[in-house]
Number of protein chains: 2
Amino acid sequence: MPVKSTGKKGASAKKAASKKSPARKSGKGPKYVYVFGKKTDGNGSMKSLLGGKGANLAEMTRIGLPVPPGFTITTEVCTYYYANKRTYPKELQAQIRAAVEAMEKALGRSFGDLKKPLLVAVRSGARDSMPGMMDTILNLGLNDQTVDALAAQSGNERFAWDCYRRFIQMYGDVVMGVQKTPDEDHEPFEVVIESLKHELFPGQPDVSDTRLDAASLKELVKRFKKLVKDRTGKAFPTDPWKQLEGAIGAVFGSWMNDRAIVYRRKYGIPAEWGTAVNVQAMVFGNTGENSGSGVAFTRDPATGEKVFYGEFLINAQGEDVVAGVRTPQPVEELKQVMPEAHKELERIRAILEKHFKDMQDFEFTIEEGEVFMLQTRNGKRTGVAAVRIATEMVREKLIDWKEAVRRIPAEQLEQVLAPIFDRGALKKAKLIAKGLPAGPGAACGRIYFNADRAVTASQRGHRVLLVRVETSPEDLRGMIAADGILTARGGVSSHAALVARQMGKICVCGASGLEIDYEKKTLKVEGFTYKEGDHISIDGTTGEVYDGEVSSANSEIIQVLVDKSLDPKKSRSYQNFAKLMTWCSKLARMQVRTNADNPRQAAVAMAFGATGIGLCRTEHMFFEGDRINSMRQMILAETNVERKAGLDALLPYQREDFIGIFTELKGKPATIRLLDPPLHEFLPQDAAARNAVAERLGIPSEIVAERVKALHEANPMLGHRGCRLGLTYPQITEMQARAIFEAAAVVQKKKIKVRPEIMVPLVGFARELELQVEIIHRVAAEVAKEKKTKFNYMVGTMIEIPRACVAAGRIAQTADFFSFGTNDLTQTTLGMSRDDSGTFLPQYQELDIVPSNPFASIDRAGVGELMKVAIERGRATKPKIKLGICGEHGGDPSSVVFCDTLGLDYVSCSPFRVPVARLAAAQAALAAKR
Amino acid sequence: MPVKSTGKKGASAKKAASKKSPARKSGKGPKYVYVFGKKTDGNGSMKSLLGGKGANLAEMTRIGLPVPPGFTITTEVCTYYYANKRTYPKELQAQIRAAVEAMEKALGRSFGDLKKPLLVAVRSGARDSMPGMMDTILNLGLNDQTVDALAAQSGNERFAWDCYRRFIQMYGDVVMGVQKTPDEDHEPFEVVIESLKHELFPGQPDVSDTRLDAASLKELVKRFKKLVKDRTGKAFPTDPWKQLEGAIGAVFGSWMNDRAIVYRRKYGIPAEWGTAVNVQAMVFGNTGENSGSGVAFTRDPATGEKVFYGEFLINAQGEDVVAGVRTPQPVEELKQVMPEAHKELERIRAILEKHFKDMQDFEFTIEEGEVFMLQTRNGKRTGVAAVRIATEMVREKLIDWKEAVRRIPAEQLEQVLAPIFDRGALKKAKLIAKGLPAGPGAACGRIYFNADRAVTASQRGHRVLLVRVETSPEDLRGMIAADGILTARGGVSSHAALVARQMGKICVCGASGLEIDYEKKTLKVEGFTYKEGDHISIDGTTGEVYDGEVSSANSEIIQVLVDKSLDPKKSRSYQNFAKLMTWCSKLARMQVRTNADNPRQAAVAMAFGATGIGLCRTEHMFFEGDRINSMRQMILAETNVERKAGLDALLPYQREDFIGIFTELKGKPATIRLLDPPLHEFLPQDAAARNAVAERLGIPSEIVAERVKALHEANPMLGHRGCRLGLTYPQITEMQARAIFEAAAVVQKKKIKVRPEIMVPLVGFARELELQVEIIHRVAAEVAKEKKTKFNYMVGTMIEIPRACVAAGRIAQTADFFSFGTNDLTQTTLGMSRDDSGTFLPQYQELDIVPSNPFASIDRAGVGELMKVAIERGRATKPKIKLGICGEHGGDPSSVVFCDTLGLDYVSCSPFRVPVARLAAAQAALAAKR
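What comes next is a walk through the structure. All of these numbers come straight from a predicted model, not from anything done at the bench.

Criteria and cut-off values
Residues numbered from 1 in each chain as written. Chains lettered and ligands numbered in written order. Predicted model: local features only at pLDDT ≥ 70, side-chain atom pairs only at ≥ 80, totals over all residues. Heavy atoms only, no water. Helix = DSSP H or I, 4+ residues; strand = E, 2+ residues; numbered from the N terminus. Rg over C-alpha atoms; globule rule 2.2 N^0.38 Å. Buried < 20%, exposed > 50% of the residue type's maximum accessible area, 1.4 Å probe, protein only. Contact = heavy atoms within 4.5 Å. Areas by Shrake-Rupley, 256 points an atom, 1.4 Å probe, with all protein chains shown as cover. Lys, Arg positive; Asp, Glu negative; His and termini not counted. Charge placed at Lys NZ, Arg CZ, Asp CG, Glu CD. Buried area = accessible area lost by both parts, 1.4 Å probe. Salt bridge = Lys/Arg side-chain N within 4 Å of Asp/Glu carboxyl O. Polar contact = N/O pair within 3.5 Å; in protein donor to acceptor, adjacent residues only side chain to side chain. Phe/Tyr/Trp six-rings, centres within 6.5 Å; stacked < 30°, edge-to-face > 60°. Pairing = 2+ DSSP bridges. Axes fitted to C-alpha atoms, helices over the stretch in contact; angles between N-to-C directions. Least-squares fit on C-alpha atoms with pLDDT ≥ 70 in both. Core = buried A, V, L, I, M, F, W, Y, C linked by side-chain atoms within 4.5 Å. Right-handed = clockwise from strand over helix to strand, strands pointing away. Expected span 1.5 Å × (residues − 1). Parallel < 35°, antiparallel > 145°, perpendicular 65-115°, else oblique. Left-handed = near helix turned anticlockwise from the far one by under 90°. Nonpolar A, V, L, I, M, F, W, Y, C, P; charged D, E, K, R; others polar. Arc of directions from axis to C-beta. Disulfide = S-S within 2.5 Å. Patch = residues over 30% accessible without salt bridge, like charges linked within 9 Å, V, L, I, M, F, W, Y side chains within 5 Å.

### Let's talk about the overall build of chain A
Of regular secondary structure, chain A possesses 36 helices and 31 strands. For chain A, whose C-alpha radius of gyration is 33 Å, the value lies close to the compact-globule estimate of 30 Å for 930 residues. The principal-axis extent of the C-alpha atoms belonging to chain A is close to 105 × 70 × 55 Å. A burial count over chain A gives 59% of its 930 residues as buried. Contacts in chain A between residues far apart in sequence, at least 24 positions, make up 68% of those at least 6 positions apart. Carbon and sulfur atoms provide 50% of the accessible area of chain A, an area that totals close to 37,600 Å². Separation between the mean location of the 131 positive side-chain charges and that of the 112 negative ones in chain A comes to 7 Å.

### Some remarks on the interface of chain A and chain B
Each side of the interface is counted separately: chain A has 43 residues, and chain B has 43 residues. Together, the buried faces of chain A and chain B total about 4,000 Å²; carbon and sulfur atoms form 59% of this surface. On the surface where chain A and chain B come into contact, there are 4 salt bridges. A salt bridge links Asp859(B) to Arg803(A); the shortest N-O distance between them is 2.6 Å. Applying the counting rule to chain A against chain B returns 24 residue pairs in polar contact (both at pLDDT 80 or more).

### Quick look at the packing of aromatic side chains
What the rule picks out here adds up to 46 aromatic pairs over all chains. Summarising the aromatic geometry, the rings of Phe189(A) and Phe224(A) are spaced 4.8 Å apart at their centres and angled 80° between planes, so their arrangement reads as edge-to-face. Within this pair, whereas Phe189(A) is found in helix 7 (residues 188-200), its partner Phe224(A) is found in helix 8 (residues 214-232), the two being separated by 35 residues in sequence. In terms of burial, Phe189(A) and Phe224(A) fall into one category: buried. Ring centres of Phe840(B) and Tyr844(B) lie 5.4 Å apart, and the angle between their planes is 65°; on these two criteria the pair is classed as edge-to-face.

### Description of the sheet that holds strand 30 (residues 882-885) of chain B
All names here are of chain B. The parallel closed barrel is built from 8 strands, whose spatial order is 24-25-26-27-28-29-30-31. Pairwise comparison of adjacent strand axes, ignoring direction, gives a mean angle of 25° for this sheet. On the sheet, helix 25 (residues 640-665) packs against strand 25 (613-617), strand 26 (669-673) and strand 27 (755-760) and is oriented at approximately 155° with respect to strand 26. Sheet contacts for helix 35 (residues 860-877): strand 28 (794-799), strand 29 (817-820) and strand 30; angle to strand 29, the most-contacted strand, approximately 175°.

### Notes on the relation of the copies chain A and chain B
For the match of chain A to chain B, the screw axis carries a shift of 0.2 Å, the RMSD comes to 0.2 Å, and the turn is 179°. Considering both components of the superposition, the chain copies are consistent with a two-fold axis. Counting the interface residues of chain A, we find that 100% of their copies in chain B are interface residues as well, pointing to one common contact surface.

### Side note on the sheet that holds strand 8 (residues 329-330) of chain B
Residue and element names in this part refer to chain B. The sheet built from 5 strands is open, its strands ordered 8-7-6-9-10 with antiparallel pairing. Edge positions in the sheet fall to strand 8 and strand 10 (370-378), since each of these pairs with one other strand and no more. Bridging between strand 9 (residues 360-367) and strand 10 involves 8 bridges; their strand directions are antiparallel. Within the sheet, the bridge partner assigned to Thr-365 lies in strand 10 and is Phe-372. Along the sheet, helix 13 (residues 339-356) contacts strand 9 and strand 10; its crossing angle with strand 10, the most-contacted strand, is approximately 30°.

### What about the nonpolar core?
Within soluble globular proteins, side chains that are nonpolar generally end up buried alongside one another. Leu580(A), Phe662(A), Leu580(B) and Phe662(B) are the most contacted members of the largest nonpolar core, which has 305 residues in total. Discounting residues that sit within four places of it in the chain, Leu580(A) has contacts with Val387(A), Thr391(A), Val405(A), Ile408(A), Leu413(A) and Leu919(A). Counting residues in hydrophobic clusters, the runner-up holds 72 residues, among them Met170(B), Ile193(B), Phe224(B) and Val277(B).

### Quick look at the pattern of salt bridges
Residues and elements named next belong to chain A. What the rule picks out here adds up to 109 salt bridges over all chains. We note a salt bridge from Arg-778 to Glu-782, for which the minimum N-O separation is 3.1 Å. Of this pair, Arg-778 and Glu-782 both sit in helix 29 (residues 766-787), 4 residues apart, which is roughly one turn of that helix. Among the residues examined, Arg-778 registers a relative accessible area of 37% and is labelled partly exposed. On the basis of relative accessibility, which here comes to 27%, the residue Glu-782 falls in the partly exposed class. Each of the salt bridges in this network shares a partner with another, and the network as a whole consists of Arg-655, Glu-734, Arg-738, Glu-742, Arg-778, Glu-782 and Glu-786.

### Description of the pairing of strand 27 (residues 755-760) of chain A
Residues and elements named next belong to chain A. For strand 27, a buried count of 5 out of 6 residues is recorded, marking the element as mostly surrounded by other parts of the structure. With 5 bridges joining them, strand 26 (residues 669-673) and strand 27 adopt parallel strand pairing. Counted as the bridge partner of Pro-669 is Arg-755 from strand 27. Pairing of strand 27 with strand 28 (residues 794-799), which is carried by 4 bridges, proceeds in the parallel orientation. Paired with Val-760 across the bridge in strand 28 is Thr-797. What joins strand 27 to strand 28 is helix 29, and the crossover it makes is right-handed.

### As for the side chain of Ser291(A)
Residue and element names in this part refer to chain A. Inspection of the secondary structure assignment puts Ser-291 in the loop between strand 5 (276-281) and strand 6 (292-297). What makes Ser-291 buried here is its relative accessible area of 0%. A polar atom in the side chain of Ser-291 sits 2.8 Å from the backbone nitrogen of Glu-368. Setting aside chain neighbours within four positions, we find Ser-291 in contact with Phe-284, Gly-285, Asn-286, Leu-313, Ile-314, Asn-315, Met-338, Ile-366, Glu-367 and Glu-368.

### Some details on the side chain of His889(A)
Residue and element names in this part refer to chain A. Along the chain, His-889 falls in the loop between strand 30 (882-885) and helix 35 (893-902). Here Pro-854 takes part through its backbone oxygen, which lies 2.8 Å from a polar atom of the side chain of His-889. Non-local contacts of His-889, meaning those with residues more than four positions away in its chain, are made with Thr-822, Asn-823, Thr-826, Pro-854, Phe-855, Ala-856, Ser-857, Ile-858, Ser-895 and Val-896.

### Some thoughts on helix 37 (residues 914-929) of chain B
For helix 37 of chain B, spanning 16 residues, the distance from its first C-alpha to its last is 23 Å, which sits close to the expected 22 Å at 1.5 Å a residue. With 13 of 16 residues buried, helix 37 of chain B is to be regarded as a mostly interior element.

### A closer look at the packing of helix 21 (residues 572-587) of chain B against helix 37 of chain B
Helix-helix packing is described using two parameters, namely the angle between the two axes and the distance between the axes. All names here are of chain B. For the pair helix 21 and helix 37, the least separation of the axes is 8 Å and the interaxial angle reads 45°. The orientation of helix 21 with respect to helix 37, classified from their angle, is oblique. Like other packed secondary-structure pairs, helix 21 and helix 37 cross with a definite hand, here left-handed. Contact residues: Phe-577, Leu-580, Met-581, Cys-584, Ser-585 and Leu-587 in helix 21; Pro-915, Arg-918, Leu-919, Ala-922, Ala-925, Leu-926 and Lys-929 in helix 37. Broken down by class, the residue content of the contact of helix 21 with helix 37 amounts to 10 nonpolar, 1 polar and 2 charged.

### What about the environment of His777(A)?
All names here are of chain A. Mapping His-777 onto the fold places it in helix 29. For the pair His-777 and Tyr-793, spaced 16 residues apart in sequence, the C-alpha separation works out to 9.7 Å. Contact partners of His-777, with chain neighbours within four places excluded, come to Tyr-793 and Val-795.

### Considerations on helix 25 (residues 687-697) of chain A
Residue and element names in this part refer to chain A. Turning to helix 25, its buried residues number three or more, namely Arg-690, Val-693 and Ala-694. For helix 25, the buried positions fall inside an angular range of 100° around the axis, keeping them on one side. Turned more than 90 degrees off the buried face of helix 25, the exposed positions are Ala-688, Glu-695 and Arg-696. Buried residues belonging to helix 25 abut helix 23 (627-636) and helix 26 (701-711). Once helix 25 finishes, Gly-698 follows within two positions and takes phi at roughly 65°, a positive value.

### Quick word on the state of the cysteines
Linking two cysteines covalently through their sulfur atoms gives a disulfide. All told, the structure shown has 0 disulfides over all chains when counted by the stated rule. The thiol of Cys805(B) is unpaired, and the distance to the nearest cysteine sulfur, on Cys805(A), comes to 12 Å.

### As for a negative patch on the surface
All names here are of chain A. Taken together, the side chains of Glu-638, Glu-642, Glu-702 and Glu-706 make up a negatively charged region of the molecular surface. Residue position: Glu-702 is located in helix 26. Look at Glu-702 and you get exposed, because its relative accessible area is 55%.

Quick look at the structure:
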């Protein structure tokens with residue numbers, strides 16, 4: 001830049017703007033700086049320009065809340081910065097200077113003033129708050145001179161020098177890069193502190209910072225400055241303008257640091273958005289017992305309950321609350337300590353909710369009894385809280401019901417169905433600690449103290465609890481891998497609690513009884529010692545921690561809907577859930593079906609509102625109990641006669657299965673997929689098991705071995721499976737069709753309607769489907785005649801290989817419906833086996849090759865394109881062809897939205913994802929209407 | 001129909017025609033019958049309406065050749081027949097009646113006449129002659145009365161009754177369905193004959209038919225009629241009109257028999273074409289020593305030499321010549337036996353060639369010295385003959401050079417490169433038999449006597465010779481599976497010879513010294529006894545049969561072009577080939593490159609006219625000699641340092657390889673594909689080999705085992721391979737790029753231009769290519785700087801997964817070229833593993849699901865559609881993007897034509913397919929111009 005040197009305004013700035021600046025023009029050239037505090041030229045809707053924090057500081061100014069004055073440098077500067085080799089627009093420096101001057105004027109303070117120095121905080125501010133970025137630099141403006149002014153003004157020399165040493169430490173680390181090298185075990189500033197403490201209090205371990213007096217802190221500042229000089233070759237900047245310039249650069253620079261990039265990738269935030277920079281006058285929560293800092297929520301972010309919720313620390317700056325170093329007090333205790341401030345905060349809380357019409361998460365500082373607002377934003381919340389808050393805000397007439405539907409992240413909805421601990425088991429369980437309930441639900445697993453080891457254990461298939469003194473962004477990977485998170489320090493606004501809320505992780509934080517030893521990898525509590533890998537259980541709804549494995553029970557909603565063991569009227573969470581689901585039904589264009597292979601699964605899904613079965617995999621039926629033997633007999637048959645014997649034995653089983661399913665469905669449709677997996681999946685692979693099969697079926701074991709060998713495939717995914725089986729062994733299709741129609745006949749006799757939609761898998765060529773459908777129609781006619789009844793059925797196919805997409809026009813001549821099998825369609829379109837992609841797909845995400853895991857969320861530009869082709873061509877042949885999806889993507893909200901834009905008639909997903917899909921479908925319909 | 005009852009002409013017929021007849025209208029309603037013989041209303045261009053035989057009978061009539069009178073029922077009747085539940089158009093019966101009446105008038109004979117009965121032959125006649133269809137019924141019109149008239153007229157009672165019993169036998173079999181049941185071992189008519197012989201000549205085995213005198217034949221007729229009555233419940237029809245009706249129905253019926261369907265599928269003939277029926281007055285080659293029948297070619301169909309070539313039998317009907325029961329005499333011997341007839345045939349031969357301007361295959365009958373033409377058609381020929389005939393006809397000014405190019409089936413061209421037996425080896429080989437050279441080339445293999453067993457042996461990977469007394473359409477599958485065919489009976493017009501010519505099989509027929517015992521599965525000859533599976537060798541160019549395995553040598557063309565061991569002027573086949581290739585170059589729009597992994601292959605392909613390398617697979621280089629150890633070291637590396645060591649060791653090898661290739665190419669471009677196969681392909685799979693590797697590399701064997709296990713993939717085709725390797729191990733790409741550019745620098749120093757086109761495999765996402773290309777450009781710049789040179793290179797990608805096709809627009813931003821990898825594109829588009837499809841793909845062809853093997857010929861409606869999408873989108877981004885194909889389809893003529901219509905710039909194929917592809921490319925260009 002540099003900020004200080006006053007550039008000439010006017011001609012040259014205008015010229016630059018007209019050449020390459022992205023900003024809107026004004027009389028004075030592009031506007032890059034917006035003020036707030038006393039008055040403002042921004043507002044809450046300007047999040048993309050001012051970032052979330054900046055826009056809301058402006059908005060709070062507008063509605064008269066107490067905001068320390070300051071200004072926001074827009075995100076356009078960030079964009080410019082990266083588009084122009086990390087340089088700034090020419091106009092910027094003058095605008096910053098003007099904004100600082102306005103602050104100086106408003107506060108009667110100025111940069112470097114020896115009496116009333118201006119001190120500022122510099123904070124990043126993207127559209128959404130973003131872990132990994134540079135967060136805050138406090139007390140900027142301090143130097144060897146202004147520190148004395150601060151001391152004089154506050155009458156507290158120790159306070160002033162503590163501010164100063166904190167500033168050097170923070171600025172030295174973040175701006176000047178004085179950080180731990182790979183060879184070091186500790187942060188260099190911490191080493192200096194420890195060494196000073198050692199000199200001052202020899203032989204005493206764990207000396208608290210508070211024991212360092214003003215003189216010691218002066219010495220510390222000296223040593224810090226020397227450390228900076230030694231490490232960087234540069235003196236610590238004493239000029240506040242210089243300091244400001246460095247801090248602004250650090251914020252913009254942090255937009256592209258690794259953690260920020262990882263975070264953006266995970267949440268799909270484009271790099272082009274950029275961050276804003278907020279510069280705000282300091283207020284001090286650490287001037288004494290009449291000051292403090294806190295973080296609060298207008299409602300409980302874990303449960304959604306309408307209570308004033310939060311925490312504060314007396315005589316502390318904001319960072320102390322969030323850092324989790326001291327465990328803060330609950331906000332209600334403020335009532336006793338500072339009743340006036342508490343009253344003011346309650347007033348602010350009410351204004352915030354009324355104005356923003358959403359639960360707010362805000363930061364405040366109390367300076368000598370006066371409350372200042374540093375930030376407000378929509379609060380992150382758990383799925384449980386999201387449902388409760390949204391539905392209750394409708395009841396309170398704060399928002400309308402469509403907004404409630406729009407607001408709940410569909411992905412989080414599954415959390416309300418998550419298991420809770422079994423009451424009986426809990427009674428017997430040994431309670432070992434209690435912390436804050438920060439992420440509701442019950443989790444049980446092996447404890448790990450280190451993110452990497454947690455990831456490894458999770459990859460090995462273990463359920464993992466990550467146990468940390470406190471968490472930091474470095475632990476992110478481990479937190480993602482873990483089922484639950486437990487910390488010894490930190491409150492509901494700590495990093496652990498924040499991340500848990502966002503990811504829907506079960507979390508207990510601030511369980512202060514825990515003694516965690518990272519070196520020894522042990523957790524000691526209540527006399528127990530747990531080693532890495534030992535089991536414990538945590539209840540994120542109550543904050544309780546239990547010894548060993550505690551068995552869990554169904555959530556209230558499942559107790560009401562499925563178990564029928566709980567009176568719906570007695571469950572608030574059920575009531576809210578039910579209300580939400582009713583709204584979804586009103587809105588959604590697409591139906592939501594379920595993937596269910598037996599009556600039990602079907603029942604659960606129907607309870608969640610599924611409108612039918614979208615995928616019933618018949619082969620799962622062949623594995624149960626004794627049936628596998630008949631299946632094997634069929635596979636090992638050398639003649640059609642033997643094969644028929646095996647199939648004849650299977651027929652009654654299949655028929656019974658379908659009777660159960662049709663009965664459960666009570667007239668809802670069921671898409672039944674004919675046998676799909678390669679036959680070798682039904683045969684044992686090891687010699688001993690083969691011999692057992694041979695003996696059981698009375699077949700020489702060499703024959704079994706030979707057949708297993710003959711069935712072996714180099715690429716089973718692309719092998720003899722799907723309709724290829726039904727074409728080479730038409731008897732299988734015939735048997736399955738017969739089982740379906742005979743079952744339909746039985747159930748129809750009971751006056752229950754039956755709507756089978758028979759689905760031929762893995763079709764690529766129209767004639768494959770034609771040949772299979774011929775058999776189905778023939779068998780339907782035969783059974784109809786035998787049983788003197790009629791059938792209302794459809795035939796269709798799964799669209800799951802690329803050829804089916806391009807041949808969809810011809811295939812639609814025979815198909816009554818298409819169901820996209822996006823699991824296999826993804827594998828074939830991408831030429832990527834899901835089973836084998838683990839060796840490179842994580843790296844693909846890191847390298848930004850794929851925006852997200854294509855097996856979790858539909859690859860729109862690839863698979864999605866082919867789906868479009870299939871739909872276009874299918875509809876050209878048969879405009880009213882029924883279209884659905886039955887891959888696992890059917891339960892992924894982003895994919896559900898995509899399916900809605902494609903115009904599918906339904907999505908199908910696993911029973912527990914049905915509510916998620918219903919919400920996503922409703923949101924898609926809302927979005928489509930806009 | 002029935003034919004006899006005279007329907008009223010006029011109104012009703014017209015009405016029917018206007019309603020649903022497909023035929024053109026005339027004054028008398030649709031014309032379904034065309035006459036020939038004395039005059040004709042058809043001509044040679046009407047093949048789709050009259051069939052090949054019918055059109056040429058009309059054409060021969062037109063040019064004054066002696067044709068027995070008759071008429072053709074059009075193919076439209078066949079189409080009508082199948083479109084209307086096997087019924088005939090109403091107009092047909094009257095038209096047939098009129099045509100028969102015209103014949104009666106012309107010949108002074110009539111159906112059922114007791115003095116001068118009209119006898120006719122009924123023959124099928126599709127556009128092309130088609131094995132499997134009903135061929136001929138001779139002597140139709142005979143019954144208990146007319147047989148006496150025939151006897152009286154011919155003065156030969158035995159002859160008349162022999163005609164009659166043959167007629168009943170043939171008609172009973174083909175029309176009335178008196179055929180062997182699955183429980184029977186012999187044809188029922190043969191059983192009756194054998195039983196009569198047994199009665200007449202007790203105790204004498206193998207009694208010849210000729211020993212049956214007139215009286216015996218009368219008895220035989222009686223028994224035949226009883227057999228027909230017993231088997232069918234119907235009397236043998238005595239009314240000639242009824243007989244004719246049945247015969248016509250049998251021809252149309254045979255269009256849909258299994259063999260005909262199999263044949264059509266193999267040769268891609270649409271079922272809609274239908275067959276015509278030809279009804280023609282009988283002429284008799286079997287009235288005595290002054291009569292005979294024969295089949296002849298205007299040039300030698302095996303070698304293409306311009307000689308009168310063919311064979312005849314004295315005192316025989318046409319069927320005897322083709323059936324292979326009696327071995328016929330070469331046609332030149334007719335000069336001695338019937339000089340006048342021979343002279344007439346020579347005259348006809350000259351007229352035919354001059355008129356049809358192509359080598360003709362014709363059938364004739366000599367009745368009492370007078371020559372009649374029964375059929376002519378373009379003769380099937382071997383690839384060797386095709387090239388010779390076409391090029392020589394240009395020299396003779398019979399056709400122009402473009403017609404020559406058009407006329408040679410591209411698929412057959414590889415035959416001219418087929419190995420011949422090594423001269424040295426031949427001298428030492430033991431000649432065991434000699435037959436007719438019916439399909440040129442040298443074949444050596446295990447003998448099998450049965451089609452099914454030949455197929456099985458071939459599937460097991462054996463080279464197979466099918467050895468039969470004579471072949472019939474039942475042997476077709478076995479002939480396809482065999483490398484060569486050897487028969488003991490039958491001449492150059494026998495079934496074996498015909499099929500061999502058509503399929504380009506090496507064939508020796510009529511090797512009369514062979515004693516074949518199907519029961520014992522033995523071949524006895526010259527005192528040797530060969531069992532099934534033993535080796536022999538056959539030379540289809542000379543007709544010689546050798547004991548055991550005889551080693552083979554290169555064809556003349558390869559001796560000239562590659563070995564340079566033969567003077568081009570001394571090889572006629574080289575001269576013709578070279579001429580053809582020159583013409584191809586003039587015509588073709590597309591270039592033909594080759595798939596070559598080393599300088600030797602490149603040299604061969606360049607000699608055949610390849611314009612560069614279209615696919616150089618670098619991984620093949622890693623298997624040679626000692627390199628595999630460095631490769632394994634690289635794979636087994638646990639750190640990047642170790643990996644680099646392995647790669648550093650590989651670099652000089654790769655560089656040397658590329659130096660060799662670039663030097664050989666002399667400035668022609670080379671598309672080099674970076675490492676593609678999954679790494680486990682380079683590691684040994686069994687424990688012993690693993691231990692050896694471990695020892696050799698000094699790595700604990702458990703580590704090797706663990707790594708092999710870790711690299712195992714469920715679906716390696718869809719696994720960690722292609723650019724996924726280069727992305728997870730960028731060092732590999734870096735090493736390969738370095739090897740390429742360092743080699744280029746070395747070769748450029750020798751003043752040889754180098755044009756590498758570096759191809760990144762298995763790209764699906766644009767960013768995959770971007771990341772790899774970054775490395776390539778960086779390395780290129782580095783090496784250019786180090787070696788003080790510049791490089792003229794391109795970077796591009798293989799389009800081999802469906803996602804690449806839909807994302808081609810984005811990918812083209814980085815790619816200079818696309819090369820379609822249709823092998824993998826077929827596997828992924830169809831979801832079908834080539835390795836595993838053997839279990840169902842043959843059945844898919846039988847069930848008409850796929851028109852041909854999609855791995856041999858591009859699946860146009862599936863893979864082809866995706867190729868179109870890729871081209872459209874790629875060109876939208878980069879209009880001049882270079883497009884090629886490097887899958888094996890690049891050598892398949894039909895696929896080459898398809899690539900031409902897609903507008904590709906080049907095809908690439910294996911070196912020996914280069915001439916085939918060049919011819920196909922020229923033909924495609926000719927077709928495009930039309």
